[in-house]
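Coordinate analysis (summary)
Chain by chain, the residues run as shown.
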Amino acid sequence: MWRTVWRSIDRFSLQHFKYVINELRKIKVVDQHNRELVIDLLQTIVEIVTYGDRQDPFIFECFMEYQVLAEFVRILKISRNSKIEAPLLQYLSIMIQNMGSEHAIYYCLSNDYINTIIAHQYDFDGGDLAPYYVSFLRAVSGKINRDTLCLLVRVNRDVVTSFPLYTEILKFAQHGEKMIQTAVHALTLNIFNVSDDMVYQFVTSPPASQYFSDLVYSLREKCLRLDVLVQATDETCTKQRRKEILLESDEIVDDLYYFKDILSVGEPRLSKVVTQDLLNLLVFPILIPLLQLRQSNGFYVSAVTSLYIVSYLLVVVGGKNIVNAVAGVILYPYMTPRRDAAKEEITNSSSDTHFFLNLLRDMEIMEIVGSESQKDENINGNHICGNDDVRLERNGILMYVFSDNHSLLLASLLLLLILAESKDLDYTSDSMIGLSDIQDPMNYGTSASLGVNDNVFVRVMPQVFYALLNVLASQPPLCALIQWHTGWFMRKLLNFQVMTLGEQHLHLFNTSYQQSCERLQKELDGCWFDCILDTMKDEWENCETALKEPLKSKSPSFALELAVCKQSTDGNTNSSDTAWEIMVDVVKVFILHLQLKALISKGELLEKPLLDSADSGTSNSLDIASASFGSDVYLGSGIPCRIAFSNAGIRDIYMIPAARGLSGKVILAEKHPFRSQRGVVIAIAPLAGLRMQLISTTLHLKQPTIDEDHPTWLHLWIREFDPRSKARKSRGCNLHVSNSALDGRWTLGFPSAKGCEIARLLILEETYKQRSFIKSLLAPLLQKNDPGNLCNEQDGRKL
């Protein structure tokens, strides 16, 4: 075989290289019999050329002299179902990627060999050839520049007539594999960034320009799929559904970043085509039906999904044309006195305005028709309010700002804030929104010397703030996730000092604050009261971070999450893990109200409170507090009893309830065989969880129970769930998790009914001590922040 010759020749020598080329030239047909031989020859050639490009210039001269690339093309053409294409493309990709010499790159891209390989008729059906082909195209695109790009296009009279590298990769634009989609994006961006005038003209003219329209149509389909998931009728927010929504939204965001990369190239023709397609095929078809300015043209997504898409488009893609087009549609219902000026400004701008001006005319016609029907409604007495301002404030985007649906309220507010703080917003829209004209002490926005007295959005800010307060005061209360997002918006509005906070605002906040206090106090009687302080310490910084989150970091996806999550945290619970979720939610909401009260009354957030949990105790209580399974404890306060274990039979034990500071335990210990006053711990349960009794499917808070038929038996329901060990991190609100550890029960038998009653009372006494200690630590926090003082403390803060 030809391999034996290699042993006497240097593997990377010129002589060996010529020998391998000649062996390849001897191949007349490639089939299953010689496929492996051909693959070895191709691999060897690529290895030697890669070596020669850096170490031996004579090797590459030989590569050119023997026209090795022509041999690669010939091998492709003489292949007979040998599946040689994949390894050939793979080795070509490796060779091109590793070429560092400009001379070598220029040669490889010349003579039309690469174009011939690109345009070869491959069979992509039912195999794995596509990834190798796309990788090859991407490798070629990585070597193009203004000097080499001309070698890959065919030109007639300064017009590109054929560009195989570009047109062939576009055939994979809608491929299902993520890796291939990424390669398509990378290759096209490589081409766009070369800055070749003829190529720009080619990619922005039909039929090649259809690629951008197809991209937007593909994005529309993803938006529809996302909306189906958001609008599913499932009652609970399952992990699988949230995962599907996250994956679908990630694909949408990836596409938006790709559009941003294209626009960042900065080529006017390219930007114009992409911007027109985004506006005409996505933005306007979403916004116009959303704002009820015109009927849908067949593409419809729900309001919350629409607001999410447009907000993310502004955050990721942005740009002067898109920002002002979105602002123009959103502000249209409120710009009657300024429409002529707006049209003139749009006409004088550098952007293409034909579609948008026609759109404005269409909306004006629809408004005339709508005003006639509105007159009929007023005549028939169907219009609730005759005040023009109020009627105006309930149209357009404000229809969602004042919606009873908290997801729509927050999503529409975010859209307005994104527009208000955009640097690309023009004078007319900026002055109408008005929020950027207001001094923002947190440096979130810009400032300008513009009047805002006649601004509709500034006028409705008191109502907006009241709507946010209604979210906090909802009954039954909404979950902490919703309330934290609401608090973020309230802080933003509080930083815009325009109007004094009214008595109605303060009264509603006081009501909401009182509800949060009552719910916290209720949890002190729950099965997780022993964890309230630790939870408060953990969540304080989280709440502060959430409230201080800058607008540029605020993901619009929160609206989708709120839309699919169960809103209420009240209702029946069936285990301690669900009770844990409720307790954490209650603590989060209480912390939020503390911080909002500080913002309203003092204009700043509270520092983390110091909750001193130090507590002195006897040596015995210290002994019990530090007890763990298998440890040695003092039995002096223990009550003798018996317990039956399924795998260990009946055992004589001592029950020892003990509380010290935050810690409270009930310990079961067996008497030590050699030390009469000492015992070995065989089981431990938290005192807080002993108040739980399972009746039917509803979890009730009850005292430890003496069996009615057996007065010497004491039933203790044990809190098995341990949130610390599971380290669960739920981003959603009220996500119901399967009970991997069901709550347990102990039944203790005592020598007499009196002894059983003594044991029950002792447990209650120790539990009371533990709870009282925790209440004493929380008392200063509750008393200091009595909501009744808010009206007196409010110092003229403006909204």
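This report concerns the structure included in the present document. These figures come from a predicted structure and were not determined experimentally.

Brief notes about the environment of Cys543
Its location among the elements puts Cys543 in helix α28 (residues 532-548). The exposure class assigned to Cys543 is buried, which follows from its relative accessible area of 0%. Placed 52 residues apart in sequence, Cys543 and Gln595 show a C-alpha to C-alpha distance of 8.6 Å.

Quick notes on the environment of His505
In this structure, His505 sits in helix α27 (residues 503-523). Reaching out from His505, the side chain makes a polar contact with the backbone nitrogen of Gly502 at a distance of 3.0 Å.

Things to note about the packing of aromatic side chains
Evaluation of the coordinates by the stated rule reveals 22 aromatic pairs. Here Tyr211 and Phe212 contribute two aromatic rings whose centre-to-centre distance is 5.4 Å and whose plane-to-plane angle is 55 degrees, an arrangement assigned as tilted. Using a relative accessible area of 0% as the deciding quantity, one classes Phe212 as buried. With 6.4 Å between their ring centres and 45 degrees between their planes, Tyr513 and Phe590 make a pair best called tilted. Taken together, the residues span a long stretch of sequence, with Tyr513 in helix α27 and Phe590 in helix α30 (residues 576-602) at a distance of 77 residues. Assigned by exposure class, Tyr513 and Phe590 land together as buried. An aromatic cluster is built from Phe163, Tyr166, Phe192, Phe202, Tyr211 and Phe212, whose rings are joined through pairwise contacts. Positioned above the aromatic ring of Trp484 is the side chain of Lys588, whose terminal nitrogen or guanidinium carbon lies 5.4 Å from the ring centre. For the cation-ring pair, Arg771 lies above Phe529, with the distance from its terminal atom to the ring centre recorded as 4.5 Å.

Focus on the packing of helix α2 (residues 14-25) against helix α5 (residues 68-77)
Between α2 and α5, whose axes approach to 11 Å, the crossing angle comes to 30 degrees. On the basis of their axis angle, the class for α2 and α5 is roughly parallel. As α2 packs across α5, the resulting crossing turns out to be left-handed. Facing α2, whose interface residues are Phe17, Ile21, Leu24 and Arg25, α5 presents Val68, Glu71, Arg74 and Ile75. Grouping the amino acids of the contact of α2 with α5 by side-chain chemistry returns five nonpolar, no polar and three charged.

Quick word on the pattern of salt bridges
Enumeration according to the criterion identifies 24 salt bridges in this entry. Its salt-bridge partner being Arg651, residue Glu670 comes within 2.6 Å of it at the nearest N-O pair. Here Glu670 is found in strand β6 (residues 663-671), whereas its partner Arg651 is found in strand β5 (residues 649-660), with 19 residues between them in sequence. Note on Glu670: relative accessible area 23%, which makes it partly exposed. The exposure class of Arg651 is partly exposed, given its relative accessible area of 25%. Via salt bridges that share partners, Arg25, Glu71 and Arg74 belong to a single interconnected network.

The rules behind these values
- Residues numbered from 1 in each chain as written.
- Predicted model: local features only at pLDDT ≥ 70, side-chain atom pairs only at ≥ 80, totals over all residues.
- Heavy atoms only, no water.
- Helix = DSSP H or I, 4+ residues; strand = E, 2+ residues; numbered from the N terminus.
- Buried < 20%, exposed > 50% of the residue type's maximum accessible area, 1.4 Å probe, protein only.
- Polar contact = N/O pair within 3.5 Å; in protein donor to acceptor, adjacent residues only side chain to side chain.
- Phe/Tyr/Trp six-rings, centres within 6.5 Å; stacked < 30°, edge-to-face > 60°.
- Lys NZ or Arg CZ within 6 Å of the ring centre and 35° of its normal.
- Axes fitted to C-alpha atoms, helices over the stretch in contact; angles between N-to-C directions.
- Parallel < 35°, antiparallel > 145°, perpendicular 65-115°, else oblique.
- Left-handed = near helix turned anticlockwise from the far one by under 90°.
- Contact = heavy atoms within 4.5 Å.
- Nonpolar A, V, L, I, M, F, W, Y, C, P; charged D, E, K, R; others polar.
- Salt bridge = Lys/Arg side-chain N within 4 Å of Asp/Glu carboxyl O.

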